[in-house]
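# Observations on chain architecture
Residue-level listing of the chains:
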Amino acid sequence: MPIFDQGYQAYGGERRALGRRWIPVWREEAAPYLHKRAFLLLLVLALLPWLVFGAGLSFAKTQFGDSSAMQEFVKQLPPVDESWVAKLLTNGWDNFLLVIVSVWVGSGLVARDRKERTLEVFLGRALGPMQYLWAKGAALGAYLLLFTFVPVVVLVVFHVGLTGDTAFLWQHARVLWGTLLYTLLGPGTLVVTVLALSSLSRSPRIVGLALIGIMFFGLPASAILWAITRSPMAWTFSVLAELRALGYHCLGVAPEMEIPVLHSALYFLALLGASLGILYLRFSRREVLR
Amino acid sequence: MAAWSEAAKALFSHTAGQMTRSVKGFVFLGLALFPWGLLLLLQLLIWRGVPVGLGGSTLYGNLVVAYYMGFLIPLCALFFGVALIADEAEGGTLPYLFGRPVPRHVVFLAKFAGMESVLLAGTAVSMAGAFVLSNLEAGALGMAKGAGDFLMDLTAAWLGLLVYGALFSLIGLAFRRPLFWGFLVGFGWENLVAWLPGFLKRITILFHLHTLMPEHTEPKGLLNLLAASESKAAALAFLAVYGAAFLALSCVLARRIEAAHLEREG
Amino acid sequence: MAVLSVRDVKVSYGANEALKGVSFEAVSGAVGLLGPNGAGKSTLIKALLNLVPLSSGAFTVLGQESARLGSGLRDQVGYVPESQGIRAGLSGVAWVALLGEVSGLPRRAAVERAHETLQYVGLGEARYREGQTYSTGMQQRLKLAAALVHDPALVLLDEPTAGMDPTGRDEMLELCRDLVKQGKTLLFSTHILKDVEAVCSRVVILHKGKVAACAGLEEVTRGEAQHFLVQWEGKRDEFVAACQQAGWKAGDGQNNLLKVVLPQGAGPRELFGLASGLQGSIHRFVREETSLEEVFLEALAKETV
């Protein structure tokens, strides 16, 4: 009996344009997380502070604003504005979630393909390194967007919905575009950095540990350096502190760590440049395949 | 018994030697020496007459709490603990190790001991150097006065390494994604719950470690409040129980493990 | 038109020159890429897929220059990697379908093609299992299915029978022969000579980054010299001495026969002519085909010298 049940069949159908070949790679990388309960729980936990503190504030003001007993309490509540959003967007909890998602989704982006030797299978197709990296980066970027920009959108929708204050949308337009800018510059740079780190190792575990080390090393190191020198340059060691400052600057609020806006911008430009440099060196001569 | 005790010694030496010669070992060395760099910077600034925000002994206290306890010890224990068996699985050498006529839990304990010996030695050197550099102005007499507190800090650091090391080794054996769970526990649960009022903080390692550390090395107020919550003897007892339990569970899992299970971990 | 034409391809890894100017053509059928470990076979295949950059030289696939078309050219090429090359956590059909989509097939077509190619390679029953649970032989077939999903004209196979048992190996070779019948061109890289003899019509022997030999398989095994096995009834020493005096190589061959190697220009007539002048007679006379192994070892020896 022949080993194959049917003969070889040729394919004469259509082929998609070269520019769209990244889509299945992106989908295969990103989609599995939406089926993991732990990941969905993480998403809920990310939204929770926004709903509780943000939407809850709006709810309290609208529902209890007329009650004389609650008026004093309601007066104490901070307004939902750029300052409040900056605090929520860049607090310790949000940063912690950012690191978890970067480690969980990001550490294996390139490293796993190197370990399983599927990287050469992908690059041996009509995919190309740029499309491959775009697909992988987009997978992580989509989730970082979900954990940073989407909660702000949810907050704005709840606030406007509960208060009926549509003027909020143009009086505090910076809440939305500032957050989008922060997401693109900050977490966006983080995506490229994670890709660069992931391209340096065959072990997603090592990449994850390196990410954790880099993110969490900076905080105590910078805090202590700042305590010694009182110079904003001390925060350069801490990616999380710089992210925080960037968030404040994008939303037009003065950051607590007194990091100047130029310093923030240059920091992320330098980090982006270094990460792109690593990716270029790794992929241009295919060193990443060795 | 004699046959596998020699094997255990060989594994211990091999694990310790490998750690000191690996890239991870050099990273650990760099992280351990970082406080020296900070303290040397401080001394340089003081020597040049630059006004600084805090003195050597205060900086040392901040380093112990924020850097050693809050970062270095959990990170290094995570770094090396989850990799204890996983590195062997990834490298394809686990079947050779477990195929020897040595009980698997002995293999695990020998590797654990090798790992801990390097971490304990490295941390001791780092903290001793930091203590000396931070008390240069106080001189030998000042250092002698502070030696007791330094020894308490070192004891707390060592206990932290042992218990965290056991915890993360257990996580490395038990979970498919040990890094994720280790990170969640070591940097999430520990940091969040250890600062909460109530009984819940006793289910963290960090709280008991803070209890053991001398009050004057901590920022005033907050840690005094926490330190008053239990006695040092109770803290030691909790840590001993946790450490023993984690190690015992790890030994049980090591005996039952399948190499293929570990190879699937990303 | 040659399906694959390689012109003076050079590849260097730093100071180490892995390929030192390799040139050959694959018009159709299966071309065997033979060579010892480290000869540059895998490097050549990777260079053809742009997985390692060329230091100099060029190649064309279906008449199209590699430099001009870039990644689009790889829609015409399938690749069976030597080791691993399978995504853990995905079933066979999911992995092959994914690669089909990456090669431009719409999603539905990619899934259909994945089922077809997996049936074709004999993995129909196992296609819903995760790839990393497959045996070595099944994984090799899975990789072949993945290489065929987008119906390429040229298939590059890097040690496709590595680690397979004899039955699996035979089936893989049968598949390769069938692919040739379907009009595919194969570049079959291996160090197993029997596989090349079973599948290929042309052979390129690589040694230390250079082409040591390149010709049709029949041509290579027949060679310029003619090898005969002779049963001589008479004094063996006398016969051997006479052959050597005539400038022919003569000595002991298989099965107690004498082996005589006649150069180009000489044939059986000259051999029988020489024998007629001696005391004895030729009772058996058989032309011996040179084995590929002998040719291979000879080519390596030449390159070493």
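What you are looking at is a predicted structure, and each value in this text was computed from that prediction instead of being measured.

In terms of regular secondary structure, chain A is built from 13 helices and 0 strands. Along chain A, from the amino end to the carboxyl end, the secondary structure elements read α-α-α-α-α-α-α-α-α-α-α-α-α. Taken along its principal axes, the extent of the C-alpha atoms in chain A is 90 × 50 × 30 Å. Sequence-distant contacts, at least 24 apart, represent 74% of the contacts inside chain A between residues at least 6 apart. Accessible surface, chain A as shown: approximately 12,200 Å² in total, 69% of it carbon and sulfur. Separation of charge centres in chain A, based on 25 positive and 17 negative side chains, amounts to 11 Å.

Opposite the 38 residues of chain A that make contact, chain C presents 49 residues. Summing both partners gives a buried area of about 4,100 Å² for chain A against chain C, and 53% of it is carried by carbon and sulfur. Counting the contacts that link chain A with chain C gives 5 salt bridges. Across the chain A-chain C interface, the total number found is 25 residue pairs in polar contact (both at pLDDT 80 or more). Those elements giving two or more residues to the side of chain A that touches chain C turn out to be α1 (22-30), α6 (111-116), α7 (119-123) and α8 (128-163) of chain A.

Our focus in this paragraph is the confidence of the model for chain C. All names here are of chain C. The pLDDT averaged across chain C works out to 87; a share of 93% of its residues lies at or above 70. Between the elements of chain C, mean pLDDT differs from a low of 63, seen in helix α2 (residues 66-69), to a high of 96, seen in helix α3 (residues 92-102). As a predicted assembly, this complex carries a pTM of 0.83 together with an ipTM value of 0.86.

Any two side chains of opposite charge can pair, on the condition that their charged atoms come close. A full pass over the atoms with the stated rule returns 22 salt bridges over all chains. Note that Asp75(C) and Arg21(A) form a salt bridge whose closest N and O atoms lie 3.0 Å from each other. One end of the pair, Asp75(C), is in the loop between α2 and β6 (77-80); the other, Arg21(A), is in the segment before α1, on a second chain. The exposure classification of Asp75(C) matches that of Arg21(A), with both residues buried. A salt bridge links Lys24(B) to Asp87(B), with the nearest nitrogen and oxygen atoms 2.7 Å apart. Remark: Asp87(B) occurs in helix α4 (residues 83-91) and Lys24(B) occurs in helix α2 (residues 23-47); sequence separation between them is 63 residues. One network of salt bridges, in which partners are shared, links Glu28(A), Glu29(A), Arg112(A), Asp113(A), Glu116(A), Lys136(A) and Arg87(C).

What follows covers the sheet that holds strand β2 (residues 16-26) of chain C. Residue and element names in this part refer to chain C. Strand order in the open sheet formed by 4 strands is β2-β1-β4-β5, with antiparallel pairing between adjacent strands. Where the open sheet ends on each side, the last strands, each with one partner, are β2 and β5 (64-65). Taken together, the 8 bridges between strand β1 (residues 4-13) and β2 define a ladder with antiparallel strand orientation. Bridge pairing in β2 links Ser12 to Glu17. In the packing of helix α1 (residues 41-48) onto the sheet, contacts are made with β1, β2 and β4 (56-61), and the angle to β1 comes to roughly 110 degrees.

A few words now on the packing of aromatic side chains. Tallied over the entire structure, the rule returns 41 aromatic pairs over all chains. Geometrically, the ring pair formed by Phe217(A) and Phe237(A) is edge-to-face, given 6.3 Å between the ring centres and 85 degrees between the ring planes. Of this pair, Phe217(A) sits in helix α11 (residues 204-229) while Phe237(A) sits in the loop between α11 and α12 (239-250), placing them 20 residues apart in sequence. Residue class for Phe217(A) comes out buried when judged on its relative accessible area of 15%. Each ring, one from Phe237(A) and one from Phe34(B), has its centre 5.9 Å from the other, and the planes form 75 degrees; the classification is edge-to-face. Of the two residues, Phe237(A) is situated in the loop between α11 and α12 and Phe34(B) in helix α2; the pairing between them involves two chains. An aromatic cluster is present here, built from Tyr33(A), Phe39(A), Trp104(A), Tyr143(A), Phe147(A), Phe175(B), Phe180(B) and Trp181(B) joined pairwise through their rings. Directly above the aromatic system of Tyr33(A) lies the positively charged group of Lys36(A), at a separation of 5.7 Å from the ring centroid. Residue placement shows Lys24(B) over the ring face of Phe79(B); its charged tip is 5.9 Å from the ring centre.

Calculation notes
Residue numbers run consecutively from 1 along every chain, following the written order of its sequence. Think of it this way: whatever chain is written first is A, whatever ligand is written first is 1, and the rest follow in order. With pLDDT at 70 or above as the cut-off, local features in this predicted model cover only qualifying residues; side-chain atom pairs require 80 or more to be listed or tallied, and sums for whole chains, interfaces and linings still use all residues. Computation of side-chain values covers all heavy atoms of the structure but excludes hydrogens and water. Under the scheme used here, helices are H or I runs from DSSP no shorter than 4 residues and strands are E runs no shorter than 2 residues, and both carry numbers assigned from the N terminus. Any two residues whose heavy atoms approach within 4.5 Å at even a single point are treated as in contact. Residue burial considers only the protein chains on display, and all accessible areas are found by Shrake-Rupley using a 1.4 Å probe. We treat Lys and Arg as the positive residues and Asp and Glu as the negative residues; His and chain ends play no part in the count. To locate a charge, take NZ of a lysine, CZ of an arginine, CG of an aspartate or CD of a glutamate. Buried area, as used here, totals the accessible surface that two parts lose on assembly, with accessibility defined by a 1.4 Å probe and the loss added over both. Think of a salt bridge as a Lys or Arg side-chain nitrogen and an Asp or Glu carboxyl oxygen that are within 4 Å of each other. Pairing of N or O atoms within 3.5 Å defines a polar contact, subject to two protein rules: one partner must be a possible hydrogen donor and the other a possible acceptor, and residues neighboring in sequence count only if both atoms are side-chain atoms. Confidence of the predictor at the level of single residues is captured by pLDDT, which takes values from 0 to 100. To sort residues, take the accessible area from a 1.4 Å probe on protein chains only and compare it with the maximum for the residue type: under 20% means buried, over 50% means exposed, and anything in between is partly exposed. Any two strands between which DSSP finds at least two bridges are classified as paired. Axes, fitted as lines to C-alpha atoms, cover a helix only where it is in contact. Angles between the N-to-C directions of the axes lie from 0 to 180 degrees. When the centres of two rings from Phe, Tyr and Trp lie within 6.5 Å, Trp using its six-membered ring, the rings pair. Their planes under 30 degrees apart give stacked, over 60 give edge-to-face, and anything left gives tilted. The criterion is that NZ of a Lys, or CZ of an Arg, lies within 6 Å of the ring centre and within 35 degrees of the ring normal, and then a charge sits over that ring.

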